[in-house]
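Chain residues, written in single-letter form:
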Amino acid sequence: MHAYSIIDPVWISLHNKQQVHNLANGVEIGDFCIQCHSPAAALTDLVENHIELTAEVINTFPPQVKEGVTCDACHLTTHLPDPTNISIVNHDYETVDFKLFSSDTRYGILDDPVENEFHKSVYNSGYDKSEFCQNCHNLTVDDRNAEITQFEWEGTAFQAMGMECQSCHMPTYAGQASVDGPERDNLHRHFFPGIDEALIDFPGKNEQRQAIEDLLQTAAEINFFDTPPDTITAGIVWDAKLIVSNNTGHNFPSGTTFPRQLWIELIATIGNDTLLTSGWLDANGDLLDFYTDPSGEQDPQLRIFNTILYDAQGDSGLLAVSVENMVAMTDRTLPVSGSRTINYSINIPVGIEGELLFSAKLRFRSFPPFYLRHLDLESLIGNVNIFDIDSLTQTLYVSSS
């Protein structure tokens, strides 16, 4: 995903829209977005036209630039950077602290590197520390939280146990770090699976999706909070109480939580009678949240775990509010080492009898279709995977008396 970062069509569209928006307000943000998506481009002031950046323009750049966050962007670094805090008030956007030592030396976590013909190799202790990632993966805006994965992790049991970002996102394996090098058991994968995926053809795309799916299988779980009874009497409202638990070292989802969708799909049926469905997708593939169903009439019990931004006028959401003009945020993500309890009210009609089949799925996707349509990227909607993280099923008996 680091190599994909500057040719990601979602990022390119957002970059251009943000540039136009800020210039309309008399603010030039320059390389702010470029800093993390192609450090070499930012450090060399390569991008001349920030308003009309396209994939075609990017493909004319040198390979060190169009490969996004390259090997050198990390392995020429010898310091632990600070979290990034930008200031809209002071028009201070170029704040990412990259200090790349351009030489024939590359740094890494192996304390006994093998000599090779391409570069010198030197041990650096910072490469297995979470702080190494925080300049691009922890962002505050005039001290307001925007993307704070590092802050979510700090002070947790994961930090106390030595579980760093690299522990999950760069899992270890046994093999050779270099041609003819020794067998090692502490090498790190460089797929960097998270919860974003390539939406266009890209090398390693299938392997990346599999890595994401494997990572999500352990990210969270769904269970009954209260053990359901064996038998329910018809003519009542059964409150099915569930608990969704987070197993990751940060909030889930984390990062750019405002477009991401983590939700529960629930179905309760007796024979051919459907008592409740929630978390289903409409004909456009969208969830019926407040973006697509503002009145909340079609899926009033939808349970979704993300963040919502509000501006001074009270407008909310992806299409009206960005981090720069938010004054408040509703956080419905799963807290680190925590959980959220949710309740579904299921009406059991009088006179009905038989087996009640109850099923719930915890599902995730990186973008909702309406957002890609908003970015003029409707053709990519079919490339967004929905990942099923966990499921829960239960059979109860409904007695008519």
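Residues numbered from 1 in each chain as written. Predicted model: local features only at pLDDT ≥ 70, side-chain atom pairs only at ≥ 80, totals over all residues. Heavy atoms only, no water.

Draft legend 1. Inspection of unusual backbone geometry at higher detail. A cis geometry characterises the amide bond from Phe252 onward to Pro253, with omega recorded as -5 degrees. As for its placement among the helices and strands, Pro253 is situated in the loop between strand E10 (237-246) and strand E11 (261-270). For Asp142, which is not a glycine, the phi torsion comes out positive at approximately 50 degrees. With respect to the secondary-structure elements, Asp142 resides in the loop between strand E4 (138-141) and strand E5 (144-148). (Helix = DSSP H or I, 4+ residues; strand = E, 2+ residues; numbered from the N terminus.)

Draft legend 2. Summary view of the pairing of strand E16 (residues 354-365). Relative to E16, E11 runs antiparallel, the two being bridged by 10 bridges. In the sheet register, Gln261 faces E16, and the bridge partner there is Arg365. Strand direction decides the pairing type here: E16 and strand E17 (residues 387-399), joined by 11 bridges, are antiparallel. For Gly354, the partnering residue across the bridge sits in E17 and is Val398. (Pairing = 2+ DSSP bridges.)

Draft legend 3. Structural detail: helix H1 (residues 9-24). Here H1 spans 23 Å end to end across 16 residues, near enough to the 22 Å set by a 1.5 Å rise per residue. All of the buried residues along H1 are Pro9, Val10, Trp11, Ile12, Ser13, His15, Asn16, Gln19 and Asn22. Buried residues along H1 sit against helix H2 (32-37), helix H4 (55-58) and helix H12 (369-374). The N-capping residue of H1, defined by a side-chain oxygen 3.1 Å from the backbone nitrogen of Val10, is Asp8. Where H1 terminates, the next one or two residues include Gly26, which has phi positive at roughly 75 degrees. (Expected span 1.5 Å × (residues − 1). Buried < 20%, exposed > 50% of the residue type's maximum accessible area, 1.4 Å probe, protein only. Contact = heavy atoms within 4.5 Å. Polar contact = N/O pair within 3.5 Å; in protein donor to acceptor, adjacent residues only side chain to side chain.)

Draft legend 4. The arrangement of the state of the cysteines in detail. The tally for this structure, following the rule as stated, stands at one disulfide. Across the disulfide from Cys36 sits Cys136; the S-S distance is 2.2 Å. On the S-S bond that ties Cys36 to Cys136, the torsion sits near -100 degrees, and the link is left-handed. Of this pair, Cys36 sits in helix H2 while Cys136 is found in helix H7 (residues 134-137), placing the two residues 100 residues apart along the sequence. The structure places no disulfide on Cys74, whose sulfur is separated from the nearest cysteine sulfur, that of Cys133, by 7.4 Å. For Cys74, a relative accessible area of 21% gives the class partly exposed. (Disulfide = S-S within 2.5 Å.)

Draft legend 5. Quick look at the sheet that holds strand E12 (residues 273-278). Taken in spatial order, the five strands make up an open sheet running E9-E17-E16-E11-E12, and their pairing is mixed. Single-partner strands in this sheet number two, and they are strand E9 (231-233) and E12. Taken over all neighbouring pairs, the strand axes of this sheet differ in orientation by 25 degrees on average, direction set aside. Sheet analysis places E11 next to E12, joined by five bridges and oriented antiparallel. Note on E12: the bridge partner recorded for Ile270 is Asp273. With respect to the sheet, helix H11 (residues 205-216) is in contact with E16 and E17, its orientation differing from that of E17 by roughly 45 degrees. (Axes fitted to C-alpha atoms, helices over the stretch in contact; angles between N-to-C directions.)

Draft legend 6. Structural detail: the packing of aromatic side chains. Per the stated rule, a full pass over the model turns up eight aromatic pairs. Pairing Trp238 with Phe358 gives two aromatic rings, centres 5.7 Å apart and planes at 65 degrees, and the pair type is edge-to-face. Residue Trp238 is located in strand E10, and its partner Phe358 is located in strand E16; the two are separated by 120 residues in the primary sequence. The pair Trp238 / Phe358 is uniform in exposure class, with both members buried. Taken together through their ring pairs, the aromatic side chains of Phe224, Trp238 and Phe358 make up a single cluster. (Phe/Tyr/Trp six-rings, centres within 6.5 Å; stacked < 30°, edge-to-face > 60°.)

Draft legend 7. Broad picture of a nonpolar patch on the surface. There is a patch of nonpolar side chains on the surface, built from Val20, Leu23 and Ile51 and spanning about 220 Å² of accessible area. In this fold, Leu23 is placed in helix H1. (Patch = residues over 30% accessible without salt bridge, like charges linked within 9 Å, V, L, I, M, F, W, Y side chains within 5 Å. Areas by Shrake-Rupley, 256 points an atom, 1.4 Å probe, with all protein chains shown as cover. Salt bridge = Lys/Arg side-chain N within 4 Å of Asp/Glu carboxyl O.)

Draft legend 8. Looking closely at the side chain of Thr257. Inspection of the secondary structure puts Thr257 in the loop between E10 and E11. Here the side chain of Thr257 touches Thr307 through a polar contact of 2.6 Å, side chain to side chain. Thr257 has contacts with Asn306, Thr307 and Thr333, leaving out every residue within four places of it along the chain.

Draft legend 9. Region of interest: H11. The end-to-end C-alpha distance of H11 is 17 Å, a good match for the 16 Å that 12 residues give at a rise of 1.5 Å each. Taken together, the buried positions of H11 are occupied by Lys205, Gln208, Arg209, Ala211, Ile212 and Leu216. Angular distribution of buried residues about the axis of H11 spans 160 degrees; they occupy a single face of the element. Contacts made by the buried residues of H11 are with strand E8 (220-224), E16 and E17. (Arc of directions from axis to C-beta.)

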